[in-house]
Structure formats: structure tokens, C-alpha cells
Amino acid sequence: MAEENNDVITKLVVTSSDSVLPIDAAMKIYESSTDIVIKETCFGTMVTGPREAVNKVVKEIVDLDKNHIFVKERGFPPGDDRRCRASRGGGTRPGFYFLKEEAMMLPMIGNALDKYDKHVPLKEIEHKKKLGVKDLQDIVESSL
Amino acid sequence: MAKVIIYPTNSLILSDLVQRFGHTPLAMMEKIKEKVTTVGVDSPPMNITAEEPKHGLKYAAVEVPAGVRGRMAIVGPMIEEAEAGIIVGESPMAFGCMGCARTNELTKYLIRSREMPLLELEFPKDDDEGQEFVYKIAEFLKSLDEVKGESEEATE
């Protein structure tokens, strides 16, 4: 039983694509004949099942738009009592805020990956520097 | 293929990028999965046993809150296992659900104190920074292949 459990993994597939919607990803999984459980969410899909089958299906989904679909493994299975909102009395599940923050960055990361594939040269950026103590002291003293 | 520890340890972007460029991300999610699916640990709402804070003593003193030691019991072995690291700082969300800020400080300190290839960045705020972010990570991960290839040749 334990060995069987160890082989079951859950992956989060987060889509930020203009051409692929979460439902397309879900349909791809529904089409597969493997015994995989999926859950559609606001940010994409959660795929649970045997490791090999999940990896195969996830690769198929990512290939739909490889630079704009992102994947990470998830520790808890979908609907787990410790994370599921249904048993926790509502609110976002732990970890959602981080995912939300990162999901907002995904279009930027996806575009950068497109540029990387096309070998677009990197622009030189001037990073803002923090004000040094000495400079601050000079400013304070100059205004006196 | 190198094992790359990422910070924030549960980051979607970093985990994806490391895997995308052909390496293995050492991330919190996989370790948590081992914990929650192991028979005997699976006792909601607890994810760890009383043993974990003891294992954490290797990384943090006994005066340190048990939460830090409990987290370090999971993060510590990942740092020891790592062959390279990526730290992304200035993360506004690396506080709260992500875990105790002191655990994060300790994690970053331990990663930096390992002698291994390390890349330190900040989360991007606009498109140009995003491009630089991805390029730096991609080049870093590609350079790991070269380093690894050279060291394998040297051992042969």
C-alpha cells in the first residue's frame, strides 16, 4: 500500500497562454486513456496519478504551448483534508497567495522564454541602487 | 543533470525553469509529498512527527522555535543534497504561509555557505527585468552542464 502511494504524484499545471485555455489542457487529459484524476482550478489544472502517466500527460499539455505553460509538483493530493477549503471552512488554501503572485509574473516569464528561444539579445538595464549611508549623510548635512 | 536547490523552496517559476533546462529541482513540494503519503505520518492536521524538530537540531539551536527546527528538518537535508543553488531575493510573498522569516534567513545562509555554484537574483518587476531573469537562470543552468561534464572527464 505504501509503495503504491509513493508512486502517485500530483502536478500543478498553470497556464498563462493566449492560445491554450485551462479547459484545453483538461480536455487533453480527459482524452488520455490512463487512470489519472484531474481537477480544474482557476489557475489551471491539478493532475494526480501514477508518476509515469502524469509525466506523460503533463508533457503533452506543455507541448501545446511550451513557453507559456508551467508545471510544478504539489505535495498534497487534491481534496486533502489539510488543504481543502471544504473542510477548512472556506478561505484560500495555504500556499495560494504565493501561487497567485507567481501566476501574475508568468506572462513576463513566458515572453522572456520566447525571446530566449529566438536569441534576442539582452538589453542593458540600470538597476536601482540603494542610497549609501555616506550619500544620505551628505544630503542631510547639505540641507541644514 | 544536477540537483539544484531553489529558494523560495516552493516556487513554481524556479521549479519549472530548472526542470525545463534539464536539471532536477530540489523543492519543498516533493519532500512534503513524501511526508504526507508515508503511512504513520499521515495524521491531519499534522504533517510532521515529533522526530522532525529533533532532526532540526542539526541546523538550529534548541532555543530556536520548534517551527524553525521542524522546517529545517525538511529543508536541511535538501541543502546537503544539492549540487547547485538559485536564490531569488526580494520576494514579497516569502513571508507568512511560506514559513517563518527566520527559517528563510537560515536557509539562505546555509545555501550560501555550501561551496557550490550559486546564482542570486531578485524577482523581476517589468519585462526587461524578466528577460534578464530568465537569461541569467538559463545561462547558469547551462553552465552547470559544462562544469559537470568537465568534472566527470577529470574523474575518468
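Computed from a prediction, not measured in an experiment: that's the story for all the values here. (Residues numbered from 1 in each chain as written. Chains lettered and ligands numbered in written order. Predicted model: local features only at pLDDT ≥ 70, side-chain atom pairs only at ≥ 80, totals over all residues. Heavy atoms only, no water.)

What follows is about the overall build of chain B. Scanning chain B from N- to C-terminus turns up 6 helices and 4 strands. When the helices and strands of chain B are placed in sequence order, the string is β-α-β-α-α-α-β-α-β-α. Residue burial in chain B is summarised as follows: out of 156 residues, 51% are buried. Sequence-distant contacts in chain B: of pairs separated by 6 or more residues, those separated by 24 or more amount to 62%. Only carbon and sulfur atoms are counted for the fraction: they give 53% of the accessible area of chain B, which is about 7,600 Å². (Helix = DSSP H or I, 4+ residues; strand = E, 2+ residues; numbered from the N terminus. Buried < 20%, exposed > 50% of the residue type's maximum accessible area, 1.4 Å probe, protein only. Contact = heavy atoms within 4.5 Å. Areas by Shrake-Rupley, 256 points an atom, 1.4 Å probe, with all protein chains shown as cover.)

We now examine the sheet that holds strand 3 (residues 84-89) of chain B. Residues and elements named next belong to chain B. The parallel open sheet is built from 4 strands, whose spatial order is 2-1-3-4. Strands with a single pairing partner mark the edges of an open sheet, and in this sheet they are strand 2 (24-26) and strand 4 (118-122). Between one strand axis and the next, the sheet turns by 25° as a mean value, whatever way the strands run. Of the pairings in the sheet, the one linking strand 3 to strand 4 comprises 5 bridges and is parallel in character. Residue Val88 lies in a different strand from strand 4, and its bridge partner there is Leu121. Helix-sheet contacts for helix 5 (residues 101-113) involve strand 1 (3-7), strand 3 and strand 4, and the interaxial angle to strand 1 is about 145°. (Pairing = 2+ DSSP bridges. Axes fitted to C-alpha atoms, helices over the stretch in contact; angles between N-to-C directions.)

What follows concerns the nonpolar core. In terms of nonpolar packing, the biggest core is built from 38 residues, with Ile86, Phe133, Ile137 and Leu141 of chain B touching the most fellow members. Listed by contribution, the elements that provide at least two residues to this core are strand 1 (8-15) and helix 5 (96-117) of chain A together with strand 1, helix 1 (12-20), strand 3, strand 4 and helix 6 (127-155) of chain B. Once residues lying within four places of it in the same chain are set aside, the contact partners of Leu141 of chain B are Val4, Leu17, Val18, Phe21, His23 and Ile86 of chain B. In terms of nonpolar packing, the next biggest core, distinct from the first, is built from 21 residues, Tyr7, Val36, Tyr59 and Ile79 of chain B among them. (Core = buried A, V, L, I, M, F, W, Y, C linked by side-chain atoms within 4.5 Å.)

Residues and elements named next belong to chain B. Relative to the elements of secondary structure, Thr107 occurs in helix 5. Its relative accessible area of 2% is what places Thr107 among the buried residues. Ignoring any residue separated from it by four or fewer positions in sequence, one finds Thr107 in contact with Tyr7, Met72, Val75 and Ile79.

Let us look at the packing of helix 2 (residues 28-37) of chain B against helix 4 (residues 66-81) of chain B. All names here are of chain B. Relative to each other, helix 2 and helix 4 sit at 125°, their axes nearing to 10 Å. Here helix 2 lies oblique to helix 4, going by the angle between them. In the crossing of helix 2 with helix 4, the sense of the turn from one axis to the other is right-handed. Touching Met28, Lys31, Ile32 and Lys35 of helix 2 are Ile74, Val75, Met78 and Glu81, all from helix 4. Partitioned by chemical class, the residues of the contact of helix 2 with helix 4 number 5 nonpolar, no polar and 3 charged. (Parallel < 35°, antiparallel > 145°, perpendicular 65-115°, else oblique. Left-handed = near helix turned anticlockwise from the far one by under 90°. Nonpolar A, V, L, I, M, F, W, Y, C, P; charged D, E, K, R; others polar.)

Many authors give the size of an interface as the accessible area that is lost as the parts come together. Every contact between the two is made by 42 residues of chain A and, on the other side, 45 residues of chain B. For the pairing of chain A and chain B, the buried interface totals around 3,800 Å² over both sides, and the portion due to carbon and sulfur atoms is 64%. Area buried by chain A at its contact with chain B is led by Arg82, Phe98 and Tyr116 of chain A, which between them contribute 20% of it. Taken together, the connections running from chain A to chain B amount to 1 salt bridge. (Buried area = accessible area lost by both parts, 1.4 Å probe. Salt bridge = Lys/Arg side-chain N within 4 Å of Asp/Glu carboxyl O.)

Okay, the packing of helix 2 (residues 22-31) of chain A against helix 3 (residues 51-64) of chain A next. Residue and element names in this part refer to chain A. Viewed as axis vectors pointing N to C, helix 2 and helix 3 meet at an angle of 145°, and their least axial separation amounts to 10 Å. The hand of the helix 2/helix 3 crossing is right-handed. Here Ala25, Lys28 and Ile29 of helix 2 come into contact with helix 3, specifically with Val57, Glu60, Ile61 and Leu64. Taken together, the residues of the contact of helix 2 with helix 3 break down into 5 nonpolar, no polar and 2 charged.

Turning our eyes to something else, we now look at the environment of Ser11 of chain B. Residue and element names in this part refer to chain B. Assignment of secondary structure puts Ser11 in the loop between strand 1 and helix 1. Residue Ser11 is classed as buried on the basis of its relative accessible area, which comes to 0%. Considered as a pair, Ser11 and Leu26 are 15 residues apart in the sequence and their alpha carbons are 11 Å apart. Reaching out from Ser11, the side chain makes a polar contact with the backbone nitrogen of Leu14 at a distance of 3.2 Å. (Polar contact = N/O pair within 3.5 Å; in protein donor to acceptor, adjacent residues only side chain to side chain.)

What follows is about the sheet that holds strand 3 (residues 44-50) of chain A. In space, the 4 strands of this open sheet follow the order 2-3-1-4 (chain A), with antiparallel pairing throughout. Strands with a single pairing partner mark the edges of an open sheet, and in this sheet they are strand 2 (37-40) and strand 4 (69-74) of chain A. Strand-to-strand twist in this sheet, taken as the mean axis angle between neighbours without regard to direction, amounts to 20°. Bridge analysis of strand 2 of chain A against strand 3 of chain A gives 4 bridges, and the strand direction is antiparallel. Looking at the pairing, Lys39 of chain A lines up with Met46 of chain A of strand 3 of chain A. Contacting strand 1 and strand 4 of chain A, helix 5 of chain A runs over the sheet at an angle of about 140° to strand 4 of chain A. Along the sheet, helix 1 of chain B makes contact with strand 1 and strand 4 of chain A, crossing strand 4 of chain A at roughly 105°.

In short, geometric facts, not functional conclusions.
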